[in-house]
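Each chain, letter by letter, is given below.
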Amino acid sequence: MVDERAVAWLQIDNGLVLTGAGGRLDRYGLAELRRGEPVLEQAFFLEGLLPLEQPRYFVPTMELAGGVSADLHFYSDAGSVWLLLLDVTAERDATRRIQQKAYDMTLLQEKEVLLNRRLEAVNAALRETQRELEASRDLARRELERKHLELAEARTLQLALAPPPFRGVVGGRAVTVDVVLEPAKEVGGDLVDHFLIDDDLLVLLLGDVSDKGAGAALMMARTHALFRGIINRPDASSLFRAPENAARLVNRTLSASNASCMFVTLLIAAFDGTANRLTYTRAGHVPPFLRRFDGAVERLGAAGGLPLGLSEDAVYRSASVTLSPGDEVLIVTDGITEAMDPSEAQFGEDRVAEAMGGDLRRLLADVRAFEAGGVQSDDIAAVLLKISHAQGRCPAGQRPPHGKS
Amino acid sequence: MTATLQKKICMLGAFSVGKTSLVRRYVSSVFSDAYLTTVGVKIDKKAVDLDGRTVNLILWDLAGEDDVNALRLSYLRGAAGYVLVADGTRPATLDVALSLRGRVENDYGPLPFVLLLNKNDLPDQWTITEGDMIGLRNAGWWVRSSSARTGEGVEDAFIDLASRTLR
Ligand SMILES: Nc1nc2c(ncn2[C@@H]2O[C@H](COP(=O)(O)OP(=O)(O)OP(=O)(O)O)[C@@H](O)[C@H]2O)c(=O)[nH]1
Ligand SMILES: [Mg+2]
């Protein structure tokens, strides 16, 4: 038992000189002690503890060289201090095992608390972000709904600009005019109109703005308004009888203030019922189709010029053809000729020619069948003029819908 | 023969703040990630050169304090100064350090000390603000952040404390 404790002792005088030592000094790394010399340099762990202030002093569990821990018992006695060292390494290790477990546990708990707090903070931040996201999504949704509503209104307005069909007499010649206008988006950039001047001149207009959507719709409305404005001029008759003049006028205005650099391809045709002549000007537009009463199809490809809006100095010409009873003139936009099937093949001009002889509904049905349920990629517009066989009078209620009489 | 000058310096702080690691870094220039808690006190010696004079620092690495094991203030008997250690990633250990300092001063009067906010190599877990440090410095304290892992701030603290124990 005593050996397990490995007792060692030191005797130190009042001058802090080591006067004696014995026992298991080696256990504590004190085998080399020199008696008669200052003790503090040999046993530096005593620094600060001597001289003793009380008769007894105790320092528990001090780890010295070699990992050995000792209890230090000091006694003062008759002018010297006795120091007893007892080995407590085993007790220390036992205590350490318990203490280590307790501290490791506490550290783990601290870590858990910290992690939870961080998690909570992250969660709160996430919730906040989510709230913000939802709010901005609601805002965007409302904005979108509003836009859709506006566009739907615009579409209604635009479709109202397309004229109704016309069945009537022009200069003693019975004719019919039918139109289609189908924007690809809510609003489109195609323009269709027809109106009578002086009872014997029927003017047909078909335009296509170089873009789609709202901007194109505005350009289209502007172009339309300019042509409509000409009707009320005193020289309206001469401007439309030679339609290159009307085209030149409108082109000049459009080109002078065309910040968006959009342009309009336009076909303007004037049918003189007295002379049976159709005079037309093509401002960059697809040549119209002329189907003769005998079924032969020609293209009206003359009188070409720049689209409207590109250059103030653009020069326009016109060309004329004589029409006979049973002839049909079809003016289309490239939304029809360039309609695509799912393999991106185009509807093409031949198919347009083949579809003639019927009405516009049939042409439209052919185009839709060709697209085979795909998306309409461009605005579609067309005007169809048919010259009747009948030498007509104007029946009641069949006055032309627009224009000066 | 002039006896070598010796100064007893105590390491004080909550458990696991790095007292033992700071002593090992300073005395043996090593660091270990393993945690072996100290029981009682472990004595080390480090000779330093101060103004051409060799001083032996006798380092008392004390067991850390927690709710159950209160510090035995008797260990501080004869200390020339002490190193207060807190763990910058565990804010509660700074409170422990402040409380220890109060108790030491109560029993032993004003002794030179330094305060180390240890483990500054873990910036993403750091919880002590620059404002906290400035507040403590304004109270006249010698405060540094340190790392037993990298050695940052360790030697400075011991040298500064040792030179103040000589005044
Ligand atoms: N990252 C990092 N870890 C450290 C640092 N100092 C100590 N540690 C780690 O912290 C844990 C505790 O270190 P110790 O030096 O044993 O702490 P102590 O203050 O002596 O602990 P007790 O003796 O129980 O009071 C160990 O796992 C060390 O590796 C440091 O500066 N940086
Ligand atoms: Mg320790």
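Shown above is the structure to which this text applies.
Keep in mind that what you see is a predicted model, and the values were worked out from it rather than measured.

What counts and how
- In this convention, every chain numbers its residues from 1, walking through the sequence in written order.
- Both sets of labels track the order of writing: A upward for chains, 1 upward for ligands.
- With the structure being a predicted model, the display of local features is reserved for residues of pLDDT at least 70 and the display and counting of side-chain atom pairs for 80 or more, all residues being used for whole-chain, interface and lining totals.
- Side-chain calculation: all heavy atoms of the structure are included, whereas hydrogens and water are not.
- Under the scheme used here, helices are H or I runs from DSSP no shorter than 4 residues and strands are E runs no shorter than 2 residues, and both carry numbers assigned from the N terminus.
- For the exposure calls, accessible area comes from a 1.4 Å probe over protein chains only, and a residue counts as buried if that area is under 20% of its type's maximum, exposed if over 50%, partly exposed in between.
- Under the convention used here, a 1.4 Å probe and the Shrake-Rupley method define accessible areas, while residue burial counts only the protein chains that appear.
- Buriedness of a pocket was judged along seven lines, with at least five required to meet protein on both sides within 12 Å; pockets are open sets of points on a 1 Å grid over the protein atoms alone, cavities are sets where a 1.4 Å probe fits but cannot get out, and lining residues have an atom within 4 Å of a point.
- Grid points are joined across faces, edges and corners, and a volume is the space filled by probe spheres set on the points.
- For this scheme, ten residues count as nonpolar: Ala, Val, Leu, Ile, Met, Phe, Trp, Tyr, Cys and Pro. Four count as charged, namely Asp, Glu, Lys and Arg, and the remainder, Gly too, count as polar.
- A pair of strands is labelled paired if DSSP reports no fewer than 2 bridges between them.
- To get an axis, fit a line to the C-alpha atoms, keeping to the stretch in contact for a helix; angles then go from 0 to 180 degrees between the N-to-C directions.
- Note on contacts: a residue pair qualifies if any of its non-hydrogen atoms lie within 4.5 Å across the two residues.
- Buried Ala, Val, Leu, Ile, Met, Phe, Trp, Tyr and Cys residues form a nonpolar core when they are joined through side-chain atoms within 4.5 Å.
- An angle below 35 degrees is treated as roughly parallel, one above 145 as roughly antiparallel, one from 65 to 115 as roughly perpendicular, and anything else as oblique.
- Left-handed describes a crossing whose near helix is turned anticlockwise from the far helix by less than a right angle; the clockwise case is right-handed.
- Residue count minus one, scaled by 1.5 Å, sets the expected span of a helix.
- An arc is given here, and it is the one of the directions from the helix axis to the C-beta atoms.

All right, on to the overall build of chain B then. Across its full length, chain B carries four helices and six strands. Seen in sequence order, chain B has helices and strands lined up from the N terminus as β-α-β-β-β-α-β-α-β-α. Every one of the 167 residues in chain B was classed for burial, and the buried ones make up 50%. When the accessible surface of chain B is totalled, it reaches about 7,300 Å², and 48% of it is carbon and sulfur.

As a further point, take the layout of surface pockets. Each pocket or cavity is described by its volume, and for the largest pocket that value is around 1,200 Å³. Forming the walls of the largest pocket are 47 residues, and the residues nearest its centre are Leu-107 of chain A together with Ser-16, Val-17, Tyr-35 and Lys-119 of chain B. When its residues are assigned to classes, the lining of the largest pocket shows 19 nonpolar, twelve polar and 16 charged.

Time to look at the sheet that holds strand S16 (residues 328–332) of chain A. All names here are of chain A. With antiparallel pairing, six strands are arranged side by side in an open sheet as S6-S7-S17-S16-S12-S13. In this open sheet, the two strands that pair with only one neighbour each are strand S6 (166–170) and strand S13 (297–299). Sheet twist, expressed as the mean angle between neighbouring strand axes with direction ignored, is 20°. Here three bridges tie strand S12 (residues 289–291) to S16, and the two strands are oriented antiparallel to one another. Looking across to S16, one finds that Arg-291 is bridged to Glu-328. Contacts from helix H7 (residues 348–355) reach S12, S13 and S16 within the one sheet, and its direction differs from that of S12 by about 35°.

Leu-10, Phe-45, Leu-46, Phe-74 and Leu-85 of chain A together with Leu-12 and Trp-60 of chain B are the most contacted members of the largest nonpolar core, which totals 57 residues. With near-sequence residues (within four places) excluded, Phe-45 of chain A lies in contact with Leu-30, Met-62, Leu-64, Leu-72 and Leu-83 of chain A together with Ile-43 and Trp-60 of chain B. Judged by nonpolar contacts, the second largest core, of 29 residues, contains Val-179, Leu-196, Leu-290 and Val-383 of chain A.

Right, let's get into unusual backbone geometry. Residues and elements named next belong to chain A. That bond from Leu-50 to Pro-51 is cis: its omega, -5°, falls within 30 degrees of zero. Within the secondary structure, Pro-51 sits in the loop between strand S2 (18–23) and strand S3 (56–63). In this structure, Asp-199 is a non-glycine residue whose phi angle is positive, near 70°. Secondary-structure assignment places Asp-199 in the loop between strand S8 (190–197) and strand S9 (201–209).

Turning our eyes to something else, we now look at the packing of helix H3 (residues 214–231) of chain A against helix H5 (residues 243–256) of chain A. The axes of two packed helices give the description: the angle between them and the distance between them. Residue and element names in this part refer to chain A. Interhelical geometry of H3 versus H5 gives an angle of 135° and a closest axis separation of 10 Å. Considered as vectors, H3 and H5 are oriented oblique to each other. Considering the relative orientation of H3 and H5, their crossing is right-handed. Where H3 abuts H5, its residues Met-219, Arg-222, Thr-223, Leu-226, Phe-227 and Ile-230 lie against Ala-246, Ala-247, Leu-249, Val-250, Thr-253 and Leu-254. Tallied by class, the residues present in the contact of H3 with H5 amount to nine nonpolar, two polar and one charged.

Residues and elements named next belong to chain A. Counted at 1.5 Å a residue, the expected span for H3 with its 18 residues is 26 Å, and the 26 Å between its end C-alpha atoms agrees. The complete set of buried residues in H3 reads Ala-216, Ala-217, Met-219, Met-220, Thr-223, His-224, Phe-227, Ile-230 and Ile-231. The arc that holds the buried residues of H3, viewed along the axis, is 165°, so those residues lie on one side.

Take H7 of chain A next. Residues spaced three or four apart along an α-helix face the same direction, because each turn holds 3.6 residues. Buried residues of H7 of chain A: Gly-348, Val-352, Ala-353 and Ala-355 of chain A, and no others. Contacts from the buried residues of H7 of chain A go to S12, S13, S16, helix H6 (334–337) and helix H8 (360–371) of chain A.

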